[in-house]
Amino acid sequence: WVKPRSAKSPPLYPGCLPLIGHAYKVIGDSKHMWEFEKKVYDYVAKNKQVVEFRFGTHPLFVITDPDDGLIVANHCLEKPFFYGFFEEIYDRGLVTARANWKSHRKLLNPAFNLQVLQSFVGAFCKEAKFLVTSLSSEAGKGPFDIQPYLITNFLGTACRTTFGPNFDEISEALENYAHATDEIFLLFMQRVQNVMLHLTYIYKWTSASKRFGELGDIVKGITSSVITNRKTELKSMKHFDEVEQPDTDDFVPLLDRMLELADKQDAFDDDEMREHLDTIVAAAYDTSATALTFILVLIGSHPEVQERMVQEFQEVLGDQERDVTRHDLPKLVYTEAVIKESLRLYPPVPRIARTSSTDVKLTKYTLPAKCTYLISVYGLHRHPVWGPDKDQFIPDRWLDPARLPKNPFFFAGFSLGKRNCIGRLYGIMALKTTLVYILRKYRVHSDVKKLDTKCDLLMKPASGHHMSIELRA
Ligand code: HEM
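Residues numbered from 1 in each chain as written. Predicted model: local features only at pLDDT ≥ 70, side-chain atom pairs only at ≥ 80, totals over all residues. Heavy atoms only, no water.

So, on to the coordination of the iron atom of the ligand. The sole protein-derived ligand of the iron atom of the ligand is Cys421 (SG), positioned 2.3 Å away. Residue placement: Cys421 occurs in the loop between helix 14 (377–381) and helix 15 (424–441). (Donors = N, O, S within 2.8 Å, 3.2 Å for Na, K, Ca; no water. Helix = DSSP H or I, 4+ residues; strand = E, 2+ residues; numbered from the N terminus.)

What follows is the structure, encoded as structure tokens:
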């Protein structure tokens, strides 16, 4: 605020105060914060494509323009300082990783290739069947909150495919793990919102910091014991040589793949392995559960879309109630369009932050190295490039290239560029499978006009989702 601003700099968002910048505007609960954030995105979209926002004295350049979003995502692979608040728990895991990101992403990419993911379909089916049974107590009983059911479902899937199918042995730990992860995200966000707490020498004296440490110990304790047990088990089985050849109904969990990489290539130490596994589970389950909540709200409000999906399931799977197979999933083309359209309108991760190591030439401005950028996925997805019907739910747009923006990379539901979501295909396959089981059994009713959203780390429905289910005849 002291530095004279050049006409070539992006404009400053109104209301910047000395020292604290705009930080006072983001203090409040996740609903308040999200309402304010959306106002900023609207302002950016209506003004100059890029607007400067100040977290204390730290500038943050907010982007809602798809071209600029792509430029930043492709040029800036580093994460800003506040991802470091997770250091104690996730540190070198992919989301927060700094120096080792590229090499570890390369090592982990094969664990998310199509063949590996296809071997997970049985696990997706198993959890989906369990979900459908649990939901039976809600059928025909009016509106209820489906989110906890979906969280249990996707946490189960993520833990099985990451830690192994015998994860049931510690299934009591699953609940503790989920609660701890939830609270970790909340405390992280509260720290991000309060600029005073950005300073480690202040934060370390707070009760929040103590709690963060305790929660970290819970998560780390559970995962470390899974790793140790599995190591002992595999050693006694001399199993590593079998790891690469799963039978058709079986799968090799990510933990086994990482233990093999550690064993044969010395790729990870135990702490790194734990940080990766915890990151992957944390990045997988809540995002997928939230995505499915929004999908169900949308198709519950558009019965014609829901019935078309059920028709597609019948065409692909036939009338009988057989399990979904790896061969069915690519044929669920309309369902994939519904998933993408829901992620476009309601992206569970509505913004991504990056830092530049070099100057970045945007369409209207050139900004120096070491700037922090906030790419608004929400803003990118509601930009006029999507056409005059950008705010409407139209899955068919994904089936007609003429109705999509010229650049297919403007869809940022799974982030953009090289540092995008490693689990995007996993997410789509798990969502498709779960949708088949839910919709074959239940008809979903909802009202998207009543949908209110909030956002801390993820954007979610603010309260009850006005959703009900009834058994199909
Ligand atoms: C619908 C579900 C999902 C959505 C919407 C989603 C979205 C995203 C987004 C936007 C990012 C970028 C975050 C950032 O840069 O701050 C990301 C990164 C990541 N996601 Fe996902 N994700 C989903 C499912 C999954 C699943 C199922 C997994 C794992 C099984 C996963 C693992 C990861 C990991 C490890 C990263 C960090 C990648 C890196 O930096 O190299 N995600 N995800």
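With 17 residues, helix 1 (residues 30–46) extends 24 Å between its outermost C-alpha atoms, agreeing within 8% with the 24 Å of an ideal straight helix rising 1.5 Å per residue. Within the span of helix 1, buried status applies to Ser30, Met33, Trp34, Phe36, Glu37, Lys38, Val40, Tyr41 and Val44. (Expected span 1.5 Å × (residues − 1). Buried < 20%, exposed > 50% of the residue type's maximum accessible area, 1.4 Å probe, protein only.)

With respect to spatial proximity, 24 residues lie near the ligand, and among them Tyr83, Trp101, Arg105, Ile352 and Cys421 are the closest. With respect to the ligand, the side chain of Tyr83 contributes an N or O atom lying 2.8 Å from an oxygen atom. Interatomic distance of 2.7 Å between a side-chain N/O atom of Trp101 and an oxygen atom of the ligand. Broken down by secondary-structure element, the contributors of at least two residues to the shell around the ligand are helix 3 (101–108) and helix 11 (270–301). Looking at which element gives the most residues to the shell around the ligand, the answer is helix 11, with 6 residues. (Near = heavy atom within 4 Å. Polar contact = N/O pair within 3.5 Å; in protein donor to acceptor, adjacent residues only side chain to side chain.)

All right, on to helix 12 (residues 303–317) then. Its 15 residues place the ends of helix 12 21 Å apart at the C-alpha level, agreeing with the 21 Å of an ideal helix rising 1.5 Å per residue. Residues of helix 12 that are buried include every one of Val305, Gln306, Met309, Val310, Glu312, Phe313, Val316 and Leu317, and no others. Seen along its axis, helix 12 keeps its buried residues to an arc of 155°; they face one direction. Opposite the packed face of helix 12, turned more than 90 degrees from it, sit the exposed residues Glu304 and Glu315. Turning to helix 12, the residues buried within the fold contact helix 11, helix 13 (333–345), helix 15 and strand 7 (442–445). Two residues or fewer past helix 12, Gly318 is found with a positive phi of approximately 80°. (Arc of directions from axis to C-beta. Contact = heavy atoms within 4.5 Å.)

For the rest of this paragraph, the subject is the packing of aromatic side chains. Any pair of aromatic rings gets described here by the distance separating the centres and the angle formed by the planes. Counted by the stated rule, this structure contains 24 aromatic pairs. With a centroid separation of 6.1 Å and 85° between ring planes, the pair formed by Phe53 and Phe55 is classed as edge-to-face. When sorted by exposure, Phe53 lands in the same class as Phe55, which is buried. Through a chain of ring-to-ring contacts, three or more aromatic side chains come together here, namely Phe81, Phe82, Tyr83, Phe85, Phe86, Tyr90, Phe185 and Phe188. The residue whose ring lies beneath Arg382 is Tyr346, and the NZ or CZ to ring-centre distance is 5.6 Å. Lying across the ring of Tyr437, Arg440 places its NZ or CZ 5.1 Å from the centre. (Phe/Tyr/Trp six-rings, centres within 6.5 Å; stacked < 30°, edge-to-face > 60°. Lys NZ or Arg CZ within 6 Å of the ring centre and 35° of its normal.)

The values are spatial; any link to function lies outside them.
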